[in-house]
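Residues per chain, in single letters:
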Amino acid sequence: RSTPKARRAVTVRAGTVDAAAALGVIVPGFRRVMVTRCLFSLYDIVDVLLPVIGPADVAVSTWTMSRLHMERVRRLLDEGRFRSFVLILDRSFPTRQPQYAQELREVLGNGLDVRLTKTHAKFVTLGAGDWRIVIRSSGNYNQSPRLENVDIDDDGEIYAFFRAIVDEVVERVPAGLDVSGSASQAAWVSLWPAEIGRAHV
């Protein structure tokens, strides 16, 4: 597919629990700039997009994740709606929320590609067919009713930028929830050391 013509962003004030209604019609090159009361989660947005774009390669960066959403991710993996899945969590997750960390092991299993690093970034990338979608949010992957912003773009350049960050984390950060603090810190220091402060135009 050729790069879709840029579309004017559709702005949405979403006070509904219905993510599909908030997103509206999904077409190639679509853009949404949303402010929500977080009555639906990032997962709910993904759940709306998947029937439109088909099975996707998915990456999620979030500060935390609840058991409910772990189970929903497991279901999508088992159904083949996620062709691949990478989860980036803040490295404090296993000690800050040990119960959730244990639930993550139980629900998603040892084969899941989990990476721990210093992160507060919340974003999702979905690549399926010609679709290259990025969701950026102030909210985590789980639901937490409060004012949040969400931006969604089907845009190859934005997707490539965020997916490159995911791929570098995967390359440099050891997999799993039991990485030592020293190994995690060394990986953190190695991330883009020459790129800090440099704008890409």
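Everything below is about the structure shown above.
Source: prediction; values computed, not measured.

What follows is about helix 6 (residues 156–172). Compared with an ideal rise of 1.5 Å per residue, which puts 17 residues at 24 Å, helix 6 spans 24 Å between its outermost C-alpha atoms and is within 8% of the ideal. Three or more residues of helix 6 are buried, namely Tyr159, Phe162, Arg163, Val166, Glu168 and Val169. As for helix 6, its buried residues are in contact with strand 3 (56–62), strand 4 (82–90), strand 5 (113–117), strand 6 (123–128), strand 7 (131–137) and helix 7 (181–190). Of the residues flanking the start of helix 6, the one acting as N-cap is Asp155, its side-chain oxygen 2.9 Å from the backbone nitrogen of Glu157.

Let us look at the nonpolar core. Core analysis: the largest hydrophobic core is formed by 44 residues, its most contacted members being Leu126 and Ile135. The leading source of residues in this core is helix 2 (residues 42–53), at seven residues. Core analysis: the second largest hydrophobic core is formed by 12 residues, Val86, Ile88, Val134 and Val169 among them.

Moving on to the packing of helix 3 (residues 67–79) against helix 5 (residues 98–108). Direction vectors running N to C along helix 3 and helix 5 enclose 20°, while the axes themselves pass 10 Å from each other. When the interaxial angle is binned, helix 3 and helix 5 end up roughly parallel. Between helix 3 and helix 5 the crossing geometry is right-handed. Across the interface between the two elements, Arg67, Met70, Glu71, Val73 and Arg74 of helix 3 pack against Tyr100, Glu103, Leu104, Glu106, Val107 and Leu108 of helix 5. Among the residues forming the contact of helix 3 with helix 5, the class breakdown is six nonpolar, no polar and five charged.

Rules of the game
- Every chain is numbered on its own, with residues counted from 1 as its sequence reads.
- Totals for whole chains, interfaces and linings use all residues, but because this is a predicted model, local features are given only for residues with pLDDT of at least 70 and pairs of side-chain atoms are given and counted only at 80 or more.
- Side-chain measures were taken over the full set of non-hydrogen atoms in the model, leaving aside hydrogen atoms and water.
- Numbered from the N terminus, helices here are DSSP runs of H or I no shorter than four residues, and strands are runs of E no shorter than two.
- Helix span is expected to be 1.5 Å times the residue number reduced by one.
- Each residue gets one of three labels from its accessible area relative to the maximum for its type: buried under 20%, exposed over 50%, partly exposed in between, using a 1.4 Å probe on protein chains only.
- The criterion used for residue contact is that any of the two residues' heavy atoms lie within 4.5 Å.
- Under this definition, polar contacts are N or O atom pairs within 3.5 Å; protein pairs additionally need one hydrogen-donor-capable and one acceptor-capable atom, and for neighbouring residues in sequence, both atoms have to be side-chain atoms.
- Nonpolar cores are built from buried Ala, Val, Leu, Ile, Met, Phe, Trp, Tyr and Cys residues. Side-chain atoms within 4.5 Å join them into one set.
- With axes taken as lines fitted to C-alpha atoms, and helix axes fitted only over the stretch in contact, angles between N-to-C directions fall between 0 and 180 degrees.
- Any angle from 65 to 115 degrees is called roughly perpendicular, while one under 35 is roughly parallel, one over 145 is roughly antiparallel, and all others are oblique.
- Less than a right angle of anticlockwise turn of the near helix away from the far helix marks a crossing as left-handed, whereas a clockwise turn marks it as right-handed.
- Residues are grouped as follows: Ala, Val, Leu, Ile, Met, Phe, Trp, Tyr, Cys and Pro are nonpolar; Asp, Glu, Lys and Arg are charged; all remaining types, including Gly, are polar.

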